[in-house]
Every structure is written in structure tokens, then in C-alpha cells.
Amino acid sequence: MFLGTHTPRLDDKGRLTLPAKYRDALAGGLMVTKGQDHCLYVFPRAEFEQMARKVAEAPLTNEAVRAFQRYLFAGTDEQRPDGQGRITIVPELRRYAGLTKECVVIGAITRLEIWDAAAWQRYLGEHEESYARAREEVLPGIF
């Protein structure tokens, strides 16, 4: 389970050091892909394969489904952390997420999300109040 917030830096070669507490779960390989809200999603390989199978089962006759599948699968990069726990974020993924040197990695249960630090702060500012006021209709039966 991925939880917490971490603030690694992107180096000049486009590498990001993953938080040590997640390295064992990702040692077998991981998939970095474009996420919603212009962040990157990092899935353990097995988790990504499970999600990808579900996405691939959607009807190909639906134009929106085809567009989503193409964007997701074409924008995914397979990585294996090096001995220091670093992964290389390819230029297209860095561009999509607007990554600069200062990054934020958050745990989101089944995945990590990589954000540019300034974008993450903007996101928090835009959504913090609605989270604080969330009612049962957002997630029925949870709280």
C-alpha cells in the first residue's frame, strides 16, 4: 500500500529517486504513465497489467475508449529502479507533468503519483476546502 508525501528532486539526467519505503514493492519493475490532472502515475508492473486488461476489455467501437486506450498505452514507460532506487522519467512524460527539479511523490494506495511541486501546491489549494467539507455522497458509507 502506497501512502504519504515525499519531495525528491529530479536530477539533470531526468532521474528521480523513489522513496526508500516503496522500493521493495517496485523492485520487480514498474510502469510510469500519464495520469489525470497532469501528474504521472507509477504502478507496480502487476498492478498495471491488471488495470490494463480491464481497459483493453472496453468496447473498441467507442471512439472515446479508443482514444483513452491509445493515450494510456502509448504514453506508458516501463522502468526498473537502479541500485540507488532511481528511475528515469522520459522527456515526454516530464513535459506532460510539467516536471522541474522540485517534485512531489504521493502515495495513492495502489499507485504513486509524481507531481511538479508547484503544480501539487496549486492542486492542494484548489481542492483542500472541498476535501475538508466532503460529505457522504462523495464516498457513500465510508465515513
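Reading guide: rules and limits
- Residues numbered from 1 in each chain as written.
- Predicted model: local features only at pLDDT ≥ 70, side-chain atom pairs only at ≥ 80, totals over all residues.
- Heavy atoms only, no water.
- UniProt positions renumbered as here; feature names shortened; annotations may be inferred.
- Core = buried A, V, L, I, M, F, W, Y, C linked by side-chain atoms within 4.5 Å.
- Buried < 20%, exposed > 50% of the residue type's maximum accessible area, 1.4 Å probe, protein only.
- Helix = DSSP H or I, 4+ residues; strand = E, 2+ residues; numbered from the N terminus.
- Contact = heavy atoms within 4.5 Å.
- Pairing = 2+ DSSP bridges.
- Phe/Tyr/Trp six-rings, centres within 6.5 Å; stacked < 30°, edge-to-face > 60°.
- Lys NZ or Arg CZ within 6 Å of the ring centre and 35° of its normal.

The protein chain is annotated in an unreviewed UniProt entry as Transcriptional regulator MraZ of Streptoalloteichus tenebrarius. We quote the UniProt Subunit (unreviewed entry) comment for the protein chain here in full: "Forms oligomers."

## Observations concerning the nonpolar core
Counting residues in each nonpolar core, the largest one holds 20 residues, and the members touching the most others are Leu40, Ile89, Leu99, Leu112 and Ile114. Listed by contribution, the elements that provide at least two residues to this core are strand S3 (30-34), strand S4 (40-44), helix H4 (91-97), strand S7 (103-107) and strand S8 (112-116). Per-element accounting of this core gives the leading share, three residues, to H4. Those residues within four positions of Leu99 in sequence are excluded, and the remaining contacts are Leu10, Leu40, Ile89, Arg94, Ile114, Trp115 and Asp116.

## As for the UniProt feature "domain: SpoVT-AbrB" (unreviewed entry) in the protein chain
Per the UniProt annotation, the sites labelled "domain: SpoVT-AbrB" (unreviewed entry) are residues 5-47 and 76-119. Between the C-alpha atoms that bound residues 5-47 the distance is 21 Å, and the span itself is 16% helix and 35% strand. Structurally, residues 76-119 comprises 23% helix and 36% strand, and the distance from its first C-alpha atom to its last is 21 Å.

## Remarks on the pairing of S7
With five of five residues buried, S7 is to be regarded as a mostly interior element. Of the two faces of S7, the one lined by Cys103, Val105 and Gly107 and the one lined by Val104 and Ile106 are each fully buried. Both S7 and S8 contribute to a ladder of five bridges, which runs antiparallel. Residue pairing for S8: Val104 is matched across the bridge by Trp115. Following S7, the chain reverses through four residues before pairing antiparallel with S8; Ile109 in that reversal takes a positive phi of roughly 65°.

## So, the packing of aromatic side chains
Summed over the entire model, instances satisfying the criterion amount to seven aromatic pairs. Taking the centre distance of 5.8 Å and the plane angle of 15° together, the rings of Trp120 and Tyr123 count as stacked. In this pair, Trp120 and Tyr123 are both assigned in helix H5 (residues 117-132), three residues apart and thus about one turn of the helix distant. Judged by its relative accessible area of 12%, Trp120 falls in the buried class. Three or more aromatic residues joined by ring pairs make a cluster, and in this case those are Tyr41, Phe43 and Phe48. Here Arg111 stacks its cationic end above the ring of Tyr41, 4.4 Å away from the centre of that ring.

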